[in-house]
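# Topology and contacts: notes
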Amino acid sequence: MPELERLRRDHAAALLTFERENREYFAATIPDRGDDYFAEFDARHEALLTEQDCGLHHFHVIVTGDGDILGRVNLVDVTSEGADRSAELGFRIARTAAGRGLATRAVRRVCELAAEEYGLTSLRAAATLDNVASRTVLERTGFTATGETTLMGQPALTYVRPLKPAAVER
């Protein structure tokens, strides 16, 4: 069974393989990362880990027992406004792993981590209207559509999911 892991330095090679193998598949529904992403992957990976260490983002990968990456679920742009701490959720699953409930399970787990480990109180997300799979995952994991927007020049919906704070031990 694949496991959700927090992104680490030793995931770099498998993550690059995942992104390369699925580039065309992903570009059909979400913005392409562009050639520079692949050309400068190692430096970018290191920079993202540094930002994660500072609490600006929380990156996760779905890893097989063989070390292959089947997906990623990221919380980016952690913000604080008063008592509200939120982040933007994004996820992508390999073409070969799509349609098996992997994204739903991983997003649920990241929602738990967001509340219990990262102290977040809500998550935001967006998906284009034609990305039925992502919209379904968001709705199955407790996200509610809150408005309309445009992504990649396509009509999209915005979503929000409040998080329950972790129980306080007494």
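Everything here concerns the structure above.
Here's a quick rundown of the structure. If you're wondering where the values come from, they're calculated on a predicted model, not measured in any experiment. Chains are numbered independently. Their residues run from 1 in the order of the written sequence. Only residues with pLDDT of at least 70 get local features here, since the model is predicted, and only at 80 or more are side-chain atom pairs given and counted; chain-wide, interface and lining totals rely on the full set of residues. Side-chain numbers here rest on the full set of heavy atoms in the structure, without hydrogens or water.

### Section: the nonpolar core
Note the following rule: The term nonpolar core refers to a set of buried residues drawn from Ala, Val, Leu, Ile, Met, Phe, Trp, Tyr and Cys, joined through side-chain atoms within 4.5 Å. Buried means the residue's accessible area, taken with a 1.4 Å probe over protein chains only, is under 20% of the maximum for its type, while exposed means over 50%, and partly exposed covers the values in between. Helix and strand assignments come from DSSP, with helices taken as H or I runs of at least 4 residues and strands as E runs of at least 2, each series counted from the N terminus. By definition, residues are in contact when any of their heavy atoms lie within 4.5 Å.
One finds Leu75, Leu89, Leu120, Leu123 and Phe143 to be the most contacted residues of the largest nonpolar core, which totals 30 residues. Top contributing element to this core by residue count: helix H4 (residues 102–116), with nine residues. Not counting residues within four places of it along the chain, the set of residues in contact with Leu120 comprises Leu75, Val78, Arg85, Ser86, Ala87, Ala114, Ala115 and Leu163.

### Structural notes on the pattern of salt bridges
Opposite charge on two side chains lets them pair, provided their charged atoms get close. To keep things clear, this is the line we draw: Take a side-chain nitrogen of Lys or Arg and a carboxyl oxygen of Asp or Glu: if they are within 4 Å of each other, that pair is a salt bridge.
Tallying each qualifying case throughout the model produces ten salt bridges. One salt bridge in this structure joins Glu19 and Arg92, with 2.9 Å as the shortest N-O distance. In this pair, Glu19 sits in helix H1 (residues 12–27) while Arg92 sits in strand E4 (residues 84–93), placing the two residues 73 residues apart along the sequence. Arg92 carries the same exposure label as Glu19, and that label is buried. Asp35 is the partner of Arg23 in a salt bridge, and the nearest nitrogen-oxygen pair spans 2.9 Å.

### Topic: the pairing of strand E6 (residues 144–151)
Quick reminder of the rule: Strand pairing is assigned whenever DSSP detects at least two bridges linking the two strands.
Sheet analysis places E6 next to strand E7 (residues 154–162), joined by seven bridges and oriented antiparallel. Bridged to Thr150 within E7 is Pro155. Between E6 and E7, which pair antiparallel one after the other, the connecting turn spans two residues, and Met152 there sits at a positive phi close to 55°.

### Thoughts on helix H3 (residues 41–53)
What counts here: For a helix, the expected span equals 1.5 Å multiplied by the number of residues minus one. The directions considered for the arc are those from the helix axis to the C-beta atoms.
Given a rise of 1.5 Å per residue, 13 residues ought to cover 18 Å, and the 18 Å separating the end C-alpha atoms of H3 matches this to within 8%. What H3 keeps buried is the set Phe41, His45, Leu48, Leu49 and Gln52. End-on view of H3: buried residues confined to an arc of 100°, all on one side of the axis. Relative to its buried face, H3 has exposed residues pointing more than 90 degrees away, namely Ala43 and Asp53.

### Topic: the side chain of Asn22
Filter applied, for reference: Whenever two N or O atoms come within 3.5 Å, that pair is a polar contact, provided that in protein one can donate a hydrogen and the other can accept it, and provided that, for residues adjacent in sequence, both atoms are side-chain atoms.
Secondary-structure assignment places Asn22 in helix H1. Among the residues examined, Asn22 registers a relative accessible area of 6% and is labelled buried. At a separation of 2.9 Å, a polar atom in the side chain of Asn22 contacts the main-chain amide nitrogen of Arg95. Discounting chain neighbours no more than four positions away, the residues touching Asn22 are Ala94 and Arg95.

### Thoughts on the packing of aromatic side chains
Note the threshold: Pairing of aromatic rings covers Phe, Tyr and Trp, the last counted by its six-membered ring, and requires centre-to-centre distances within 6.5 Å; plane angles under 30 degrees mean stacked, over 60 mean edge-to-face, and any other angle means tilted.
Here the structure, examined in full by the defined rule, presents four aromatic pairs. Centre to centre, the rings of Tyr25 and Phe26 are 5.8 Å apart; their planes meet at 45°, and the pair counts as tilted. Accessibility expressed as a relative area gives 28% for Tyr25, which makes it partly exposed. The class for Phe26 is buried, based on a relative accessible area of 5%. For the pair Tyr37 and Phe41, a centre-to-centre distance of 5.6 Å together with 80° between the ring planes defines the contact as edge-to-face. Assigned by exposure class, Tyr37 and Phe41 land together as buried.

None of the figures reported here should be taken as evidence of function without further support.
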